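# Observations on chain architecture
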Amino acid sequence: MGDPIPLLEELIKIDSSTKAGANEAVAYCEKWLKDQGLQVEKIKNNGFHMLVCEIGQGDNTIVLNGHVDVIEAEDTQFQPYVVDGKMYGRGSVDMKAGVAAMMETIAQLKDSNIATRVMLQIVPDEETGGVFGTKYLTEKGYVGDFIICGEPTHFGIAIQSKGVLQLDFEIDGKPAHGSRPWEGHNAIKKAYNLYEDIILLPFAQETAPPMYDKPSINLAKLKGGTVYNKVPEKCEMSLDIRYLPDQSPDEIFKQIQGITEDKVNIHICNGPVKTKEDNPYVEVLVESIKSQTQLEQVNIYGQHGSNDGQFFTKYGGSAVEFGPVGFDWHGENEMVYVDSVREYQEVLKEFVNSFDSKQIRYQSK
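Described below are features of the structure shown in this document. What you are looking at is a predicted structure, and each value in this text was computed from that prediction instead of being measured.

## Overview of the packing of helix 2 (residues 19–35) against helix 3 (residues 92–109)
- Where helix 2 contacts helix 3, the two axes come as close as 10 Å, and the packing angle between them is 20°. As judged from the angle between their axes, helix 2 and helix 3 are roughly parallel. Crossing geometry of helix 2 relative to helix 3 is assigned as right-handed. Along its contact with helix 2, which presents Cys29, Trp32 and Leu33, the element helix 3 presents Val99, Met103, Glu104 and Ala107.

Structure follows, in structure tokens:
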């Protein structure tokens, strides 16, 4: 026991791109943890399975949150192999490496006299929004003071992430014969013109240095028209807006409604993560990284995408993304540096043990 690589290899072999596959991976993790003598609670929600495993004691709780689900891939990508110190395979770095290291960390520390509670959460649906996994856990009271989501960060610490506002538009035009488009009002053109107006709205011009230069606005879907010889009278448009941590999604929605008479519906509205750089947990994590790696400087930054850490913030928890070194997640050649997974595990152990050795009273800022 101790090396996370064999466990990582076995996890990659499980095609967890479906609900059934993710549940299979959760079941594997459950058996592995129990074989190490740990008490594990399996929780089910809407057919999804997840695990919670706690060790330690104290007033504060550190949550190690990892997802075992992956996006779909070719069968060959579920056959892991190592070349030049890099392990290839779907989910290798996003984020089964993080899960394996977190599991090994819990197993190694279970008999230690650590001065904080550590809660391992293994969840099944981060790639599809985390609603049935991590969000459900937080609603049931499985929360903490500091949350580490083991996403790939190259040993940097992502202390912030943008919020998510996904909108669906129903655009109305005026039909006409295709040979006389000037007699109609093309709903597809109207939709695209609306998109171009939205990216010029005040919220779209705001900045949040040094983390972000602007929000992200992606024209995700545009669907309209039925035949060649008719001016389209209907168009459906969808936008994926990643707003800055201090922006208000209500204000963004209000600005957009103010420039259109067409119907706008909210598909998803998820909050940002706004952990501070001087958060004491972050400061100790930085020192732990420097202690267990060759890094002299740790990159502190903001993510453009979202993560399951967002669900803890409403309960007072401070969340970060922190994970090992790898590349091409969601790509054909996803891989993780094997040595970085081992180093990542040592960082987690050092971080947890620091609360005992340094006798610091930690309070989220």
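Don't stop here, the text continues.
## Considerations on helix 3
- For helix 3, built from 18 residues, the straight-helix expectation of 26 Å at 1.5 Å per residue is met to within 8% by its first-to-last C-alpha distance of 24 Å.
- Within helix 3, 17 of the 18 residues are buried, which leaves it mostly tucked inside the rest of the structure.

## Some remarks on the pairing of strand 11 (residues 234–243)
- For strand 11, a buried count of eight out of ten residues is recorded, marking the element as mostly surrounded by other parts of the structure.
- Pairing of strand 9 (residues 163–172) with strand 11, which is carried by ten bridges, proceeds in the antiparallel orientation. Paired with Gln166 across the strands is Asp240, a residue of strand 11.
- The sheet contact formed by strand 10 (residues 216–224) and strand 11 spans eight bridges and is antiparallel. By the bridge assignment, Lys221 is partnered in strand 11 with Ser238.

## What to know about the sheet that holds strand 12 (residues 263–270)
- One open sheet accounts for four strands, arranged 10-11-9-12; its pairing is antiparallel. Since the sheet does not close on itself, it has two edges, and those belong to strand 10 and strand 12, each with one partner. Geometrically, the sheet is characterised by an average inter-axis angle of 15° between neighbouring strands, direction not taken into account.
- Against the sheet, helix 5 (residues 187–198) contacts strand 9, strand 10 and strand 11, and its axis sits at roughly 15° relative to strand 11.

## Describing the sheet that holds strand 5 (residues 86–88)
- With antiparallel pairing, the four strands of this open sheet are ordered in space as 4-5-17-16. Edge positions in the sheet fall to strand 4 (81–83) and strand 16 (326–327), since each of these pairs with one other strand and no more.
- Pairing of strand 4 with strand 5, which is carried by three bridges, proceeds in the antiparallel orientation. Within strand 5, the position partnered with Val83 by the bridge is Lys86.

## With respect to the environment of Leu200
- In this structure, Leu200 sits in the loop between helix 5 and helix 6 (202–205).
- Between the C-alpha atom of Leu200 and that of Cys29, which follows or precedes it by 171 residues, the distance is 48 Å.

## Some details on the nonpolar core
- Core analysis: the largest hydrophobic core is formed by 63 residues, its most contacted members being Ile122, Ile148, Ile157, Leu285, Phe322 and Phe351.
- The biggest single contributor to this core is helix 3, with eleven residues.
- In terms of nonpolar packing, the next biggest core, distinct from the first, is built from 22 residues, Leu201, Phe203, Cys235 and Ile241 among them.

## So, the environment of Ile259
- The topology assignment puts Ile259 in the loop between helix 7 (249–257) and strand 12.
- Taking the relative accessible area as the measure of exposure, Ile259 reaches 35% and is therefore partly exposed.
- Sequence-wise, Ile259 and Ile198 are 61 residues apart; in three dimensions their C-alpha atoms are separated by 8.2 Å.

## Remarks on the packing of aromatic side chains
- Inspection of every chain in the model, using the stated rule, returns ten aromatic pairs.
- Relative to Tyr195, the ring of Tyr192 has its centre 5.6 Å away and its plane inclined at 50°; by these criteria the two rings are tilted. Remark: Tyr195 and Tyr192 occur in helix 5; sequence separation between them is three residues, near one turn of the helix.
- By relative accessible area, which is 36% here, Tyr192 ends up partly exposed.
- When its relative accessible area of 14% is taken as the criterion, Tyr195 is described as buried.
- Pairing Tyr281 with Phe355 gives two aromatic rings, centres 5.7 Å apart and planes at 40°, and the pair type is tilted. Here Tyr281, found in helix 8 (residues 280–292), pairs with Phe355, found in helix 9 (residues 338–357); they are 74 residues apart in sequence, far enough to count as distant.

Rules behind the numbers
- Residues numbered from 1 in each chain as written.
- Predicted model: local features only at pLDDT ≥ 70, side-chain atom pairs only at ≥ 80, totals over all residues.
- Heavy atoms only, no water.
- Axes fitted to C-alpha atoms, helices over the stretch in contact; angles between N-to-C directions.
- Helix = DSSP H or I, 4+ residues; strand = E, 2+ residues; numbered from the N terminus.
- Parallel < 35°, antiparallel > 145°, perpendicular 65-115°, else oblique.
- Left-handed = near helix turned anticlockwise from the far one by under 90°.
- Contact = heavy atoms within 4.5 Å.
- Expected span 1.5 Å × (residues − 1).
- Buried < 20%, exposed > 50% of the residue type's maximum accessible area, 1.4 Å probe, protein only.
- Pairing = 2+ DSSP bridges.
- Core = buried A, V, L, I, M, F, W, Y, C linked by side-chain atoms within 4.5 Å.
- Phe/Tyr/Trp six-rings, centres within 6.5 Å; stacked < 30°, edge-to-face > 60°.

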